[in-house]
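If you want the building blocks of each chain, they are given just below.
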Amino acid sequence: MVPPGSRQALSSGPDNPTTGFGENILGEVAEGNRVRLPDLATIFQRRAQRLQALAPGHELEGFLRLIAALVAAQHEALAGLPPGSLPGPAEIAKAKLVKRAPLDPLTWPRDDSWRVALSRILEKLDDSVLPEPARQARLALGRASPQDLEALADRFLGGDIAAGEAARTVFVAAALQVAWTRMAALLDKEDFGASEAEGGECPACGSPPVSGLISPGGTKFGHRHLHCSLCATSWRYVRVRCVHCGSTDKISFRNLAGTAYVRAECCEVCHGYSKVFYIEAVRVLEPFADDLASLGLDVLVGEEGFSRVSNPFVLGVMEPADG
Ligand SMILES: [Zn+2]
Ligand SMILES: [Zn+2]
């Protein structure tokens, strides 16, 4: 069970620094924390603010505003969730032993709190920002049985989404993010293995990163932290190393003309890529929001044959805008 003290995590204690991924990130990451757990008080709020700031005049303005509203609803859904389950010491020890992330959604059984988060998100969302497919998806989810919702969550987490359910999946992904971010925030730094994170997967939940952020510190080249697409944990990862296959060979970079603050790190070995943001070049960055606002780069490297696990909310733009 999530301890009653979990409410404290919503205010900021010493283990949850108020600095999220905003302008204060410089000093924070310069210390080179190996793993940074999300701060529940600010994570979704800052993300929503960043999306709102990125939207005006953007070619995906409508989409960014829609996701900003969704993320704002995630923030509201976080407050007052019922207690959920969290791995205990025995489960943590076992996960360490088999080198599995303690909150891996494929092995850690999820409780009902994500469905409560889903209904709260659906209820809080401002209808006026929703395009027709999203409105229909909201209605369909409101009527769906718990079994149907669990099956949809399984398909999303397994990366097996059927055609026609992308819009519904975006809401499901948002609710799962709320539940997993809360669990990750309540973990202890001792819950992770002692060595430098070897893989490109989240040490808390095993999900792929949404992007990486480079900030000054450590060597003259700075540190890279990868950011989890599901639980918002970030972890330090070697620079110029493929996040998919670990290769340090044949890595090259691409960027869009006029955007120095974001590059795609492309691997010729596995043909995977990941996005890297440079905090020095722009003062405010939010790894999840800025990933959505730079989809043009994904298109560019996609055309060259590189791929990655996409941002869960990108599913929403794949669906036709109307009808
Ligand atoms: Zn994670
Ligand atoms: Zn690779």
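Residues numbered from 1 in each chain as written. Chains lettered and ligands numbered in written order. Predicted model: local features only at pLDDT ≥ 70, side-chain atom pairs only at ≥ 80, totals over all residues.

Chemist: Help me out: how do you make sense of the packing of helix α5 (residues 113-124) against helix α8 (residues 166-185) in this one?
Modeler: Any two packed helices are characterised by the angle at which their axes cross and by the distance between the axes. One way to put it is that α5 packs onto α8 with a least axis distance of 8 Å and a crossing angle of 125 degrees. As far as their axial angle goes, α8 and α5 are oblique. The hand of the α5/α8 crossing is right-handed. When α5 is examined against α8, the residues Ser113, Trp114, Ala117, Leu118, Ile121 and Leu122 are found in contact with a partner set consisting of Phe171, Val172, Ala174, Ala175, Leu176, Val178 and Ala179. The class makeup of the residues in the contact of α5 with α8 is twelve nonpolar, one polar and no charged. (Axes fitted to C-alpha atoms, helices over the stretch in contact; angles between N-to-C directions. Helix = DSSP H or I, 4+ residues; strand = E, 2+ residues; numbered from the N terminus. Parallel < 35°, antiparallel > 145°, perpendicular 65-115°, else oblique. Left-handed = near helix turned anticlockwise from the far one by under 90°. Contact = placed C-beta atoms within 7 Å. Nonpolar A, V, L, I, M, F, W, Y, C, P; charged D, E, K, R; others polar.)

Chemist: Where do I start with unusual backbone geometry in this structure?
Modeler: Negative phi characterises most residues that are not glycine, and trans characterises most peptide bonds. For Lys99, which is not glycine, the phi torsion reads 55 degrees and is therefore positive. Note on placement: Lys99 falls in the loop between α4 (89-97) and α5. Taking the number of C-beta atoms within 10 Å as the measure of exposure, Lys99 has 9 and is therefore exposed. Positive phi outside glycine occurs at Lys250, with the angle close to 55 degrees. Mapped onto the elements of the fold, Lys250 is located in the loop between β4 (234-236) and β5 (251-254). Taking the C-beta count within 10 Å as the criterion, Lys250 has 11 such neighbours and is therefore assigned exposed. (Buried ≥ 20, exposed ≤ 12 C-beta atoms within 10 Å, placed from the backbone.)

Chemist: Could you clarify how one ought to interpret the confidence of the model for the protein chain in this entry?
Modeler: Detailed reading of the predicted coordinates is not advisable wherever pLDDT falls low. Taken as a whole, the protein chain shows an average pLDDT of 84; of its residues, 84% reach a score of 70 or greater. Contacts from residues 318-323, a stretch scored under 50 in pLDDT, to residues over four places away or in other chains number seven contacts. (pLDDT = per-residue confidence, 0-100.)

Chemist: Please clarify how the nonpolar core should be interpreted in this entry.
Modeler: Nonpolar side chains in soluble globular proteins generally cluster together in the buried interior. One finds Ile67, Ala175, Leu176, Ala184, Cys205 and Cys231 to be the most contacted residues of the largest nonpolar core, which totals 76 residues. Broken down by element, the residue count for this core peaks at 14 residues, all from α8. Per-domain counts for this core show at least three residues from each of domain 1 (39-189) and domain 2 (209-315). Once residues lying within four places of it in the same chain are set aside, the contact partners of Leu176 are Trp114, Ala153, Phe156 and Leu230. Among the nonpolar cores identified, the runner-up in size contains seven residues, and Leu213, Ile214, Val262 and Phe277 belong to it. (Core = buried A, V, L, I, M, F, W, Y, C linked by C-beta atoms within 7 Å. Domains from an automatic or database assignment.)

Chemist: Where do I start with the packing of helix α7 (residues 146-157) against α8 in this structure?
Modeler: Interhelical geometry of α7 versus α8 gives an angle of 85 degrees and a closest axis separation of 10 Å. Judged by the inter-axis angle, α7 sits roughly perpendicular to α8. Between α7 and α8, the residues in contact are Leu152, Ala153 and Phe156 and Arg168, Thr169, Val172, Ala173 and Leu176, respectively. Here the residues of the contact of α7 with α8 sort into six nonpolar, one polar and one charged.

Chemist: Explain the sheet that holds strand β3 (residues 223-228) here, please?
Modeler: The strands that make up a sheet are held in pairs by hydrogen bonds between backbone atoms, and each pair lies either parallel or antiparallel. The strand order across the open sheet built from seven strands is β1-β4-β3-β2-β7-β6-β5, with neighbouring strands paired in mixed fashion. For this open sheet the edge positions go to β1 (35-36) and β5, each flanked by a neighbour on one side alone. Summarising the sheet, β3 and β4 pair through three bridges and their orientation is antiparallel. Residue pairing across strands places His225 opposite Arg236, the latter belonging to β4. The sheet contacts of helix α10 (residues 295-303) involve β5, β6 (262-267) and β7 (273-278), and relative to β6 the element is tilted by about 25 degrees. (Pairing = 2+ DSSP bridges.)

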